[in-house]
Amino acid sequence: MIDTYRLRSPLAHLGLDARARAEADISGTGVIISERPQAGLINIRGDVSDARFVTAIEKSIKLSPPTVPNTVVGKPSTTRLMWLAPDEWMVITRPSGAERALKALQKNLKIADLHSSVTDTTEARTCIRVSGPRAREVISKGCSIDLHPSAFGPGQCAQTVVSRVGVMLAQTANSKTHQPTYELYPLRSFATYLWNWLEDASAEYGVKVE
Amino acid sequence: MTQTHRLTDGGRIDRDRPIDFFFNGRRYSGYEGDTLASALLANGVMLVGRSFKYHRPRGITSAGTEEQNALVQLERGARTISNMLATRVPLYEGLDAASVNCWPSHNFDFMAVNSLFHRILPAGFYYKTFMWPVSAWKYYEHIIRRAAGLGRSPMEPDADTYDKMNAHADLVVVGGGPAGLTAARSAAIHGARVILVDEQTELGGQLLNERFDINGHPATDWVADIEAELMAMPNVTILKHTTAFGYYDHGFIGFLQNRSNNVAFGEDGRSRQRMWRVRAKNVLLATGSLERPLIYSDNDRPGCMLAGAVRAYVNRYGVTPGNRHVIFTNNDDAYRSALDVKAAGGDVACIVDLRTKPKGELVTQAIEAGIDVIEGSVITAVIGGKRVRAVEIMKLNEDGTGVTGTVQTITCDIVGSSGGWNPVVHLHSHSGGKNVWRDEDGVFVPGDTLQSEQVCGAAAGSFSLQAALNEGDFAGIDFASKLGLPTKKPGAVPKTSSDVAEEPWKLLWYIPTTKPAGQRGKHFIDQQNDVTVTDVQLAAREGYRSVEHAKRYTTLGMATDQGKTGNIPGHAILSAALGQTIPETGTTTFRPPYSPVTMGAIAGRYVGDFFDPVRRTPMHDCHEKAGCLWEDVGQWRRPWYYPADGESMQDTVNRECLAVRNHVGMLDATTLGKIDIQGPDAAEFLNRIYTNAWLKLAPGKCRYGLMLGEDGMIMDDGVTSCLGENHYLMTTTSGGAPRVMAWLEEWLQTEWPDLKVYLTSVTEQFATLQLAGPNARALLSEFTKDIDLDNDAFPFMSWKSGTVADIPARIYRISFTGELSYEINVPASAGLSLWTDIMIAGEKFGIEPFGTETMHVLRAEKGFIIVGQETDGTTAPGDLGMDWIVSKKKPDFIGKRSMSRPDMLRDDRKQLVGLLTSDPSEVLPEGGQIVAETQPKPPMTMIGHVTSSYYSAALEHSIALALVKGGRARMGDTVYVPIDGKTVSCEVVEPIFYDKEGNRIND
Amino acid sequence: MFLIPCPWCGEREESEFSYGHEAHIVRPEDPEKLSDAEWANYLFMRTNPKGPHLERWVHTAGCRRWFNVARNTHTNEILAVYLMGEKPPKNLAKEPVKGAKS
């Protein structure tokens, strides 16, 4: 384990923690954004028609790779498995679960002795969470896919472009408000640009940092 | 100034909310609900500008988007917007507008003298006069620009913001008139996601201008009801004051939304305008129709307007445009204008109808209302310059080619003319749809469509209100069923009693006068571009038979209004001159935008800091704190060099270079592309992609590779390391990373799906800190306990994993500087803290951070190439003297076959050489052209160009790399680089300048 | 700005994709056996029809998979989308079909 003092999230330089404390009262705010860094992001590739591959993954993270494009399985509170391509998935874990999942996947896929790959990309991206009653409008300013509830809902994901930045986009349900919460996973180098764009696009609705 | 032309009641204006505004510096007053045009007319202001070419006085001609003359410069300074239509600018408090295109003032125009020389300003005048001699254009240009300008662009950056919104719909309804409203409603009650868009500030379309009834009540009440009903539906979005300006492929429509009533300013921190990018499954075009004028002599005098505009001002704005109105028509509909003026208490002098014995219901109503109807007659002259004072009327002869009888002079100040109505088929045309000529009333109606689109109401040539209501309602249901939505009872179709039987229009495109065209007054077809009937006839005589050519030659329909009113009469007159039918002549293709779109809206927020994404490395803050200057490499922002206070770039780079050569330097190399390659066929894959041999690279070892395109030209290069069995890490150039990744995937997915290889981009997983210089080992050893840095244990071109400052790391011993060098890869989040620690610990070793410029100098001293600098897509390995890396043994690799193409074997190909200037301090410009012998002046035969050029502090001499024809045979020769009046002589040398034996790299 | 139905991700805007080149141009098995003219033909010669055209696209911003698109170059209508290794719909196959490698 790396000493935590050494770790610096892609958006750490924006002082978001201090802003979140100052903007704690989010009532009446149109858009709420936050950085959720250091979730485990493990890229796996393999042949989903090979039962050994599926079994090895199930054994490692208790989830089967979804075969329906643009869907996610699992719970945000623990581990999720996101479809990226017909032979590619992303395991998303809580920060504390990343190392265990990575080791389990590497071990079980090695035992299965089949052509597959497991690559840790935890550091390559950060997660920007966008919620609040105007979240969908804000993202739609920069994203051409249809985010209407009839077309995009909890459990769905997409790799697409938000304001010129490639992202993995996922929607989670907010059980209290029934309003969508979006997770944007940009590559870390793009995170500042995307964050600044989001804040700018949200300004007319009122925006606070969580 | 009082509102002399304002009616005491009526109209959709709010008389309790007066608004003060300025036009050409004078203060006027209007009401909430006015447009600038209606408020000007209310104040008796008709003269609003000067025409483009002749600078004739011009007045308001319409009440909408088809306006040709009433272009204004809105506001001043940074917020000024040119060429806004007064008919489309809602009045707001303090509005400040001025006429465009008049100098020094709209009332006294200096350039009106052009009018006197109209005989030398015919069609094609500019082409004929100013295009020869070509060199003289620069003398003419500024005079013409001054005379022919249309508004001014602001000199300051735009003070407002613009943004974009993406939206999706089952059905987009363009046009909020009767057809659009019924369609939106009937589709929406079935559950379709509907977006209804209208360019006006209110829904209702033409109903706002009329005194029609629907379901027994005023039509505008019905509009209000249906708007309320639609607003209550969650599946309906209504966008008012929003123009659907373009209809593109696959249901893609562009909207330009004015987000504040105050069109020159944003409000409430919102953008001033919003560009909507809408993707529609289905589109309904209910865009209505635009009236076309009759083309009579001097039909551009202020006071000449469209008949429909006359009643729009009366009914919608409570303004009588003039004191005495004449209506000139070929149809029944224009009688409504006379009836409405009369009903509002205005004065109608007469209706001039070019038809003989008109007897429609509206004609009867007009006669019953006491309006004088002069049938079978036309206007032959308009009296008055800055304002219509009277018209002359004569009988039309039987075949419509001339006039007969006595002249009747009628005093009036408004002529409202109507030549019928043109369906607005622009968007249909944008989408790839064809338009079909309908001979009976002389209109183009929408024909076949390429997309899931329908047109209904007046836009489809159905000019009655009931037809619009019926067609809209039906279309909405039709779309709903096409979407597979469950059928519901939509309720009864609204009914109107306003439709009456109307007689056919009589088509007469050119209204004759007492003399042939051009000899008595001017018949304007396109008022904004000053195109007259004689211009079009001249074009025909000069052989312009294609409408597309005639249009460009005469500039007909090429003004900001894009010929909304003038195109059809223009084409008809061209056809007549060519002696062919209108369908034979054809119509021009309408292209987006339907009406002008501000550049700001196209850019949206992608200006300034948002112009393009900036990619930051994990160590960005360190570099910023160290005061570096930045270089953009692709989207990456990389440190360029780190000047001390007041230090010049050259001094800085010299210092950084010497630090690396003599002590140690550190470079942020995070941006290099990194691709993780796994699978049993990984080595075979690399063997096919790279030019050299890859089957025997052992774990722990690194190898340089060159990647070619199939054409044998260099595409990318980098070091690939064997991480373990069937596991490799490829590095690519910073800018080339995405392209290389796509290239590799293409081969795997398309040609070689049998190869078991998986690729994953890991560029951003790691922060890469490059330590270079003789002290690198000593410095690094302070940070690692578990990696043996000894030269034998950890030689050049190998890598090891372990920890650096207790951070898991991979260290690659590779070098782009020619020095002992380690590339430390750590998890990206830890990069910044490690960089900081190494900089502190490195002080005693003389560490300096260095940027891309120093890196470039150091590698050039070693003759290492940069793909994209020494190569340009026509450079092969042999050209760079890199045959050593091209395998002769491998049977095949990408690009191999092209190596033996005849062109590759030419001995005069450009080859990489080094250049040393005779003056060691002279640094050649990159891109400088190289010649073999100097001539007194150009042309000289170019034999190559400089690809890289720097001052080398280590050598105390400038150095350059160059591509020179047959360069390797020219070693020792002198060549010349002419730059700015002098010629620099250089010696051709081997392309390596420093440590030719390569000892330092292996130390 | 047209829509391309990615065989995996569904309809997305054109800007998410990159155009590769004409489809069904198979790399020769043994390039060394080809004459210069034959190799040049493989390298450079492409059709340029007004009408149906078989082309290769990649969903760059999405799943990064390459696939084939039959597109009418005149109207931009997407006539068919099919996976690598699959043959074009019969009515669209150009004559002679160089054939996709399965």
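This structure is a prediction, so every number in the text was calculated from the model and none was measured.

Undergrad: Would you mind going over the overall build of chain B in detail, with residue names and values included?
TA: Each helix and strand counted, chain B has 24 helices and 49 strands in total. For chain B, the C-alpha atoms occupy an extent of roughly 115 × 75 × 55 Å along the three principal directions. Looking at the 1003 residues of chain B, the share that counts as buried comes to 62%. Expressed as a percentage of contacts within chain B between residues at least 6 apart in sequence, the contacts between residues at least 24 apart total 67%. Total accessible area on chain B is roughly 37900 Å²; 53% of this is exposed by carbon and sulfur atoms. Side chains of chain B carry 100 positive and 121 negative charges; the gap between the two charge centres is 4 Å.

Undergrad: Can you explain the interface of chain C and chain B? Please cite residues and give values.
TA: In this assembly, 27 residues from chain C lie in contact with 28 residues from chain B. Summing both sides of the interface, chain C and chain B together bury roughly 2500 Å²; the carbon and sulfur share of this comes to 45%. Together, M1, R27 and W66 of chain C form the three largest contributors to the area buried by chain C at its contact with chain B, with a combined 25%. At the junction of chain C with chain B, the criterion picks out 7 salt bridges. At the junction of chain C and chain B, the tally comes to 21 residue pairs in polar contact (both at pLDDT 80 or more). With 5 residues, helix 1 (residues 36-44) of chain C is the largest single contributor of residues to the side of chain C that touches chain B.

Undergrad: How would you summarise helix 20 (residues 737-751) of chain B if you had to cite specific residues and measurements?
TA: Residue and element names in this part refer to chain B. Relative to the 21 Å expected for 15 residues at 1.5 Å per residue, helix 20 spans 21 Å between its end C-alpha atoms, a close match to the ideal helical length. The buried count for helix 20 comes to 12 of 15 residues, which makes it a mostly enclosed element. Among all positions in helix 20, only A737, V740, M741, W743, L744, E745, E746, W747, L748, Q749, T750 and E751 are buried.

Undergrad: Tell me about the interface of chain B and chain A, and name the residues and values.
TA: In this complex, chain B contributes 51 residues to the contact, which on the side of chain A involves 46 residues. Both faces combined, the contact of chain B with chain A buries some 4000 Å², and carbon together with sulfur accounts for 52% of it. Considering only the side of chain B, the residues that lose the most area to chain A are Y606, Y758 and S829 of chain B, jointly responsible for 19% of the buried surface there. Our count for the contact surface shared by chain B and chain A stands at 8 salt bridges. Linking R45 of chain A and E745 of chain B is a salt bridge whose minimum nitrogen-to-oxygen distance equals 3.0 Å. Counting the contacts that link chain B with chain A gives 34 residue pairs in polar contact (both at pLDDT 80 or more).

Undergrad: Residues and numbers for the domain arrangement of chain A, please.
TA: Residues and elements named next belong to chain A. If you check the domain split of chain A, you get domain 1 (4-37 + 126-209) and domain 2 (40-123). With centres defined by C-alpha atoms, the gap from domain 1 to domain 2 works out at 25 Å. With 12 residues of domain 1 at the contact, the number on the domain 2 side is 14 residues. Between domain 1 and domain 2, the buried area comes to about 1000 Å², and carbon and sulfur atoms account for 58% of it. The largest contributions to the domain 1 side of the interface with domain 2 come from C157, Q159 and M168, which together make up 45% of the buried area. Applying the counting criterion to the domain 1 and domain 2 interface returns 2 salt bridges. Linking E183 and R80 is a salt bridge whose minimum nitrogen-to-oxygen distance equals 2.9 Å. The interface formed by domain 1 and domain 2 contains 6 residue pairs in polar contact (both at pLDDT 80 or more).

Cut-off values and rules
Residues numbered from 1 in each chain as written. Chains lettered and ligands numbered in written order. Predicted model: local features only at pLDDT ≥ 70, side-chain atom pairs only at ≥ 80, totals over all residues. Heavy atoms only, no water. Helix = DSSP H or I, 4+ residues; strand = E, 2+ residues; numbered from the N terminus. Buried < 20%, exposed > 50% of the residue type's maximum accessible area, 1.4 Å probe, protein only. Contact = heavy atoms within 4.5 Å. Areas by Shrake-Rupley, 256 points an atom, 1.4 Å probe, with all protein chains shown as cover. Lys, Arg positive; Asp, Glu negative; His and termini not counted. Charge placed at Lys NZ, Arg CZ, Asp CG, Glu CD. Buried area = accessible area lost by both parts, 1.4 Å probe. Salt bridge = Lys/Arg side-chain N within 4 Å of Asp/Glu carboxyl O. Polar contact = N/O pair within 3.5 Å; in protein donor to acceptor, adjacent residues only side chain to side chain. Expected span 1.5 Å × (residues − 1). Domains from an automatic or database assignment.

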